[in-house]
Each structure stands twice: as C-alpha cells, then as structure tokens.
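Okay, here's what each chain looks like letter by letter:
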Amino acid sequence: MTAVDTGTAGDRVRAPRVVIVTGISRFLGATIAARLAATPGVVRVIGVDRADPPGELRPLLRGVRVHRIDLAEGADELVELGAEALVHLAVVSSPDGRGGRAAMKDQNVIGTMQLLAACQQMPSLRRLVLRSSTAAYGASFRDPAVFTEETEPRATPRGGYARDILDIEGYVRGFRRRNPRVTTTVLRFTPFVGPQPDTGLLQLLAQPVVPTVLGRDPRLQFIHVDDALELLYRSVVEDHQGVFNVAGPGTITLSQAIRRLGRIALPVPEGILQAAAVYGRGVNGLRSLDQVDLFVHGRVVDTARLTERYGFTPRATAEAFDDFVRAQRGDAVLTPGRLAETERRMLEMIRTVRAGRVS
Amino acid sequence: MTVPELADEFDNKVASGLAFLRRRLSGQYRVDEFGFDPELTEQVFQPVLRLLYRDWFRTEVLDVKNLPAQGGALVVGNHSGTIALDALMLTMACHDEHPARRHLRLLGADFVFKLPFVSELARKSGATLACNPDVERLLEADELVGVFPEGFKGVGKKFTDRYKLQRFGRGGFVSAALRTRRPIVPVAIVGAEEIYPLLGDVKPLARLIGAPYFPITPTFPWLGPLGLVPLPSKWLIRFGEPIDTEPYADRADDPAAVFNLADHVRETIQGMLHELLELRPDAFGP
C-alpha cells in the first residue's frame, strides 16, 4: 500500500491517440469511452468487456470499437492495437450472479494480471488508469478516523472485494516498478452516488426498510458519478502519477442517509448479519462481508492530494447524496415536507389550546 | 401582564423543540469527518451530563483562562474513577466554563470503538481513537483535544493509590503536540477518585467479559444496578498554564525530548493535584 509519489501535476496535457477501456458494458465504462471518443486528438477508442453492452448503453458506444474478451483468459489480442492509454474499469464489487464469488475473483484478480501482462508488451503505452476502491484500507476498530493514501490496512480484510482490491493494487504497483515510463494512476473511489440506484449500496439504501448494524452508525462517503467521470477523464488526458483517494469531502452517517431518504432503519446484531452474509443470502439485500464491514466501521478518506494535484474538488458527500435523495423521494415515508407540515400543525394546535385556556 | 410573556417563552421552547425533532428526523444536520454531531451533543448529551456535573458533583473550575480561546491545544489530565466519567466532566468544564464554549475532543482506547453503542456514542460526542494520525488531524484543524495518558492504569487503579499519577506510556501525545506545534494544557481533576472507590479487581471475570478489569467497589456489584450510581464527591478541576511546544518542535522523533516533556507534564499535574486536595479537605463536602 505504500504510495510512491514523485509524479508531477497534470501539466503535460496531450490526449492519447488510442485508448483501451475495459468494463464498457457498464455505465461508467461506456460513458467514459464515449467521452474519450469525442475528444479531439483521440483517434480510436477500444472498449473491452466479457459481456455484450446492454441495449441502453449501445447509443453511447457508437464511436467505440467493442472487443468481447474475457480478460481472465488472456488479453493478447489487445497488444497489437497501439494503445497509448488504458483505463481498467473491469473490477466488480459484488458477484454478478454468473459463477458467484469465484467468477468475481477470476474477473478481478486474474483479469487484471492478464491485462497487465499484455500492457508490458505494449511499447506505445503511456498511461494506465486503474479503478480501485477505498475498500483497500480494510476495516478495523483500530483504524484512524480518516485514511490518507499512506494508511496501511491493519489486517487482511475479510470481505472478498477488499481482498481483490489489495491484490489488484499489488500487481499494479509491481507493474509500475517495472515500467517507470508508464504514468500509473490508481484512483481509490468511495462508493458512487447519482440519481439512479445502480450500485449495490444504493439499492440497499433505496429499499423502504434498510438493514443496519445494531449499535453502530458508520460514517459514509460518496463520490458523485459525474465527478468520478470527470476525474477518470482527466486521468486519461493528463498525467497524474500516483495513488489518489476520490471522495466527496465530508461525511454523512448511515442513519442520516436513511433519514434523508425517508426510509426506515432495521438494526440487526452484527453476528446475525455476518452469519447471514456468509452462510445465507444476507438480510434484506445486505449480502456481503464487505457491506457488513462498511456498516460497522464506516470509512472516511482524506482528499487533500486529489484536490491539489487535479485542481478539482468533487462536490461534498452530503450534496452528492442529496442528488440521489431527490430522485428517490417518490418512495419516501417521511419527507421533509411532511415533517414540516406536521410540525406546523402541532404548533398551531398547541397555540389554539393555550389561547382557549388563557382567554 | 406576565402571562403572555410566560406563554411566549413556553411557545418558543415548544417551537424550537419541534424544529429540533424535524431536523433530526429528516437528517438535516452536520456531522464532521470524525463523526462528531455538535447538535446532538449540545441538545441531548450535555443536558444529561450537566446534571452530574453541576448538581451531583458540584464541580468547581479554576483558571479556565489557561484554556486558549481559539486554535488547537492538547489538554492532558489525570485519569481515575473506574468508569471514565472524569473525561466527560472535563468536556463539560471546557464547554460550560470557557467563554468560547469550546468542545473538547476526547481520545478513546481502541476497545471503546470495538463495542457497539459505546463506539457510536463516543464518535457522536466528538471522541476518536487515541492514535497519532487522528490527534494530529484534530490539532491541525484547531480543535481542543483531551487525552489521559495513564489510560487504564489510571482508571483501574486501587482506591489506596488515589491521586498518585501512574506511568504516562510512550508519550505519543507529546510527539503529536510537537509535530503540530500546538501547546499542551495540563489539567488536574480532583473528585473522580471517590465516585467508585475501587477496592478490588476480579481478573478472571474481567477476562471472561473482555474488559480491562472487573471492579469491586463498596456498592458494586453488591447493590446491583444501584451500585452504578456514582458517589456524590466534590469535584475541582484546575487548568494549568499552557506549555509552549514551539521550542521543541523539531524534536518530535527524539525519544529523550519526548520523555522529558511528558515527565514535565506529569509532574505539573501531580503538583496541581496536591494543591487542589488541600483546597478540598472533605471529599464529600459542599
């Protein structure tokens, strides 16, 4: 986890002519690929995924050449494409149904190894951008409240995703040592937030009743998906060597998030959540140990380095989350409007009763 | 004529109470990156603690002027009392007696953050884990940070050892103050030793429940939950003169300098304790 940071700020700005984007069958990959394809100076964008992009993303991918490759089985056919930049987004945070956790690990860890092996054989490659996660910090009650990029995890995390992230970052560090001419950017994202509930965490929060850990109120951080895209884009067209925490400054607690959404919290003892995640199908959508750990310990990161080197401050966590809240308001039980109305009525009632008594 | 005024006051209270509930229920409040919830602390925790602070322990505070009105400072105190009520009373002293109504950010042992409920309350009331990255971050953000370097050795000591400062550990708190160039304010707390006089410690039971000690006091466990009521001792808290760390700022990694300064702080607090005890001849006096 040691982050060596000798890189200069993004001053050498020249868009790469050929870019490979992995993970384009998902929103983030498709959107960044489309934006790169529209960038002057970028001649070709090659999208890679093991699955076909779903229908709604296809319009985005018109200017993108799509290769259907399972990275875990080798990425040799990417070598001869003359890529100058590679954006690796094919890292998944939860099993997607096909093959479960084993397939997820194959895709994350083996896929990254194969991809990096291919990268070593690309003499034209100048930039490598990795989508990582703040799950890299693990989760322990001995953790400092705020993680900087230098913080080491206290112990090997028990969550599969967190372990994958540690492995992937390890391989990328090794790649970087062997290939100093390639600018390597590792972006440790906090969970994404936007109007759509399209991540596991947001789907969990969008339910009417949200499972929480009894006696814990974790601090959460989010990055607005638009800001995440902007930072990914800048990482491809500018030079930003090093590891960066990517998060909206500040924090909201889980209870605050649930209240803002007008949902209802269902506190469950940690042991039950844990057992249900390991041996069963989870509790009401809370399925993985990664999620249990997040709901016990919370996670807040320091973003000073990102702000300084990119000259860009993402919108604050609370503000980014409110974008999601506004889009989900239809299903809320307790809305600020209803609460304010109740408050007004109660005050009026008290005044009427008191006025009656005084006169 | 006084009736409408009284009514106004009552109405205002009800209105502000309802507004508070609405803000809480809709999540419209701020929490800092350590999890500190100032509104909850001021509106809910402090009114409860104030009953203990003012009415039960009759706390008197001396030389609160030694606490800086702004900027970061490390407040270092003696620890005692079986349950760390002295830390909570010190936060009340900083908030209620100081004109700037400052919040003291406490540092807690790791087991505080291991326990459900306790960890949640600790973070919401502004505490964080006693580790150098957190201390330095808080000091650099110009917060007042409260630390009890004796740790469990202080809280869990026998009644016969009362007001004898225990060892100060590795002095990590000193290096944090040096590195951030913030002053150290020594503070002596008298009164906490008598709230749960610790007569014995049942080690096997402690190990069984994973606690650092299992206390036997004159009332606990004999009286059951009633034994948890602290004895109403008289409390005095004195803030000592701030110790400027600027002259040693570049020696944060020098163990000799750190130990020396930690020793100096310890002796200052011990001296203040003796003075305070003379001011309080009767532990349960008025």
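Residues numbered from 1 in each chain as written. Chains lettered and ligands numbered in written order. Predicted model: local features only at pLDDT ≥ 70, side-chain atom pairs only at ≥ 80, totals over all residues. Heavy atoms only, no water.

So, on to the interface of chain A and chain B. Between chain A and chain B, the residue contacts involve 29 residues of the former and 37 residues of the latter. In total, about 2900 Å² of surface goes out of reach between chain A and chain B, with carbon and sulfur atoms giving 58% of it. Between the two partners, chain A and chain B, sit 5 salt bridges. For D217 of chain A, the salt bridge identified is with K124 of chain B, shortest N-O distance 2.7 Å. Across the chain A-chain B interface, the total number found is 17 residue pairs in polar contact (both at pLDDT 80 or more). Counting residues per element, the ones that place at least two in the side of chain A that touches chain B are α6 (254–261) and α11 (336–358) of chain A. (Contact = heavy atoms within 4.5 Å. Buried area = accessible area lost by both parts, 1.4 Å probe. Salt bridge = Lys/Arg side-chain N within 4 Å of Asp/Glu carboxyl O. Polar contact = N/O pair within 3.5 Å; in protein donor to acceptor, adjacent residues only side chain to side chain. Helix = DSSP H or I, 4+ residues; strand = E, 2+ residues; numbered from the N terminus.)

Let us now look at the domain arrangement of chain B. Residues and elements named next belong to chain B. According to the domain assignment, chain B contains domain 1 (1–30) and domain 2 (31–195 + 230–279). Taking only C-alpha atoms into account, the centre of domain 1 sits 34 Å from that of domain 2. Summing the contributions of domain 1 and of domain 2, the shared interface buries around 520 Å²; its carbon and sulfur component is 46%. The largest contributions to the domain 1 side of the interface with domain 2 come from F20, R24 and R30, which together make up 78% of the buried area. Summed over the shared surface of domain 1 and domain 2, the number is 3 salt bridges. (Domains from an automatic or database assignment.)

Right, let's get into unusual backbone geometry. Residues and elements named next belong to chain B. Of note, the bond from F220 into P221 is cis; its omega dihedral lies within 30 degrees of zero at 0°. If you trace the backbone, P221 turns up in the loop between β8 (215–216) and β9 (236–239). Phi at R58 is positive, roughly 50°, even though this residue is not glycine. If you trace the backbone, R58 turns up in the loop between α2 (38–56) and β1 (60–62). What makes R58 partly exposed here is its relative accessible area of 23%. Of note in the backbone geometry, D142 takes a positive phi value of approximately 65° without being a glycine. (Buried < 20%, exposed > 50% of the residue type's maximum accessible area, 1.4 Å probe, protein only.)

Inspection of every chain in the model, using the stated rule, returns 9 aromatic pairs over all chains. Their ring planes at 5° and their centres at 4.7 Å tell us that Y137 of chain A and F147 of chain A sit as a pair that is stacked. Highlighted residues: Y137 of chain A in the loop between β5 (127–133) and α3 (160–178) and F147 of chain A in the loop between β5 and α3, separated in sequence by 10 residues. Pairwise contacts between aromatic rings join F222, F321 and F324 of chain A into one cluster. Sitting above the plane of the Y29 of chain B ring, R24 of chain B keeps its charged end 3.7 Å from the centroid. (Phe/Tyr/Trp six-rings, centres within 6.5 Å; stacked < 30°, edge-to-face > 60°. Lys NZ or Arg CZ within 6 Å of the ring centre and 35° of its normal.)

We now examine the pairing of strand β5 (residues 144–147) of chain B. In regular strands, side chains alternate between the two faces of the sheet. All names here are of chain B. Here β5 shows two buried faces, one formed by L144 and G146 and the other by V145 and V147. Here 4 bridges tie strand β2 (residues 73–77) to β5, and the two strands are oriented parallel to one another. What sits directly across from L74, in β5, is V145. Examined bridge by bridge, strand β3 (residues 104–108) and β5 share 3 bridges and lie parallel to one another. Along β5, the bridge assignment pairs L106 with G146. (Pairing = 2+ DSSP bridges.)

It is worth spelling out helix α7 (residues 270–279) of chain A at this point. Residues and elements named next belong to chain A. Along α7, the positions that sit buried rather than exposed are L273, A276 and A277. One side of α7 carries all its buried residues, which in axial view fall inside an arc of 100°. On its buried side, α7 packs onto β8 (209–213), β13 (264–268) and α8 (289–297). (Arc of directions from axis to C-beta.)

What follows concerns the packing of helix α6 (residues 132–140) of chain B against helix α8 (residues 172–180) of chain B. Residue and element names in this part refer to chain B. For the pair α6 and α8, interaxial distance at closest approach is 9 Å and the crossing angle is 40°. One element, α6, and the other, α8, form an angle in the oblique class. Taken as a pair, α6 and α8 cross one another with a handedness that is right-handed. Contacts between α6 and α8 involve N132, V135, E136, L139 and E140 from the first element and G172, S175, A176, A177, R179 and T180 from the second. Grouping the amino acids of the contact of α6 with α8 by side-chain chemistry returns 4 nonpolar, 4 polar and 3 charged. (Axes fitted to C-alpha atoms, helices over the stretch in contact; angles between N-to-C directions. Parallel < 35°, antiparallel > 145°, perpendicular 65-115°, else oblique. Left-handed = near helix turned anticlockwise from the far one by under 90°. Nonpolar A, V, L, I, M, F, W, Y, C, P; charged D, E, K, R; others polar.)

Opposite charge on two side chains lets them pair, provided their charged atoms get close. Residue and element names in this part refer to chain A. A full pass over the atoms with the stated rule returns 43 salt bridges over all chains. Of the charged contacts, one joins R260 and D322 as a salt bridge, the two residues approaching to 3.4 Å between their closest N and O atoms. Taken together, the positions of R260 in helix α6 and D322 in helix α10 (residues 317–328) put the pair 62 residues apart, joining distant regions of the chain. Judged by its relative accessible area of 21%, D322 is partly exposed.

It is worth spelling out helix α3 (residues 85–97) of chain B at this point. Within an α-helix, residues lying three or four positions from one another point in the same direction, as the helix has 3.6 residues per turn. All names here are of chain B. Helix length check: α3, at 13 residues, gives a terminal C-alpha distance of 18 Å against a target of 18 Å (1.5 Å per residue), a fit within 8%. Along α3, 11 of the 13 residues are buried, which leaves the element largely enclosed by surrounding structure. Three or more residues of α3 are buried, namely L85, D86, A87, M89, L90, T91, M92, A93, C94, H95 and D96. (Expected span 1.5 Å × (residues − 1).)

All names here are of chain B. With respect to the helices and strands, the residue S80 is situated in the loop between β2 and α3. By relative accessible area, which is 1% here, S80 ends up buried. As for S80 and V155, which are separated by 75 residues in sequence, their C-alpha atoms are 3.9 Å apart. If we skip the residues at most four places from it in the chain, S80 touches D86, G154, V155, K157, A192 and E193.

Here I110 of chain A lies in helix α2 (residues 100–120). Once the C-alpha coordinates of I110 of chain A and D49 of chain A are considered, the two residues, 61 residues apart in sequence, prove to be 14 Å apart.

Take the sheet that holds strand β11 (residues 242–246) of chain A next. Residues and elements named next belong to chain A. Within the open sheet, the 7 strands sit side by side as β3-β2-β1-β4-β5-β6-β11. Their pairing is parallel. The strands lining the two open edges of the sheet, one partner per strand, are β3 (64–68) and β11. Averaged over all adjacent pairs, the angle separating strand axes in this sheet is 20°, with direction ignored. Pairing between strand β1 (residues 18–22) and strand β4 (residues 85–88): 4 bridges, direction parallel. Residue pairing across strands places V21 opposite V87, the latter belonging to β4. Its contacts with the sheet put helix α1 (residues 27–37) on β1, β2 (44–49), β3 and β5, and the angle it makes with β1 is roughly 170°.

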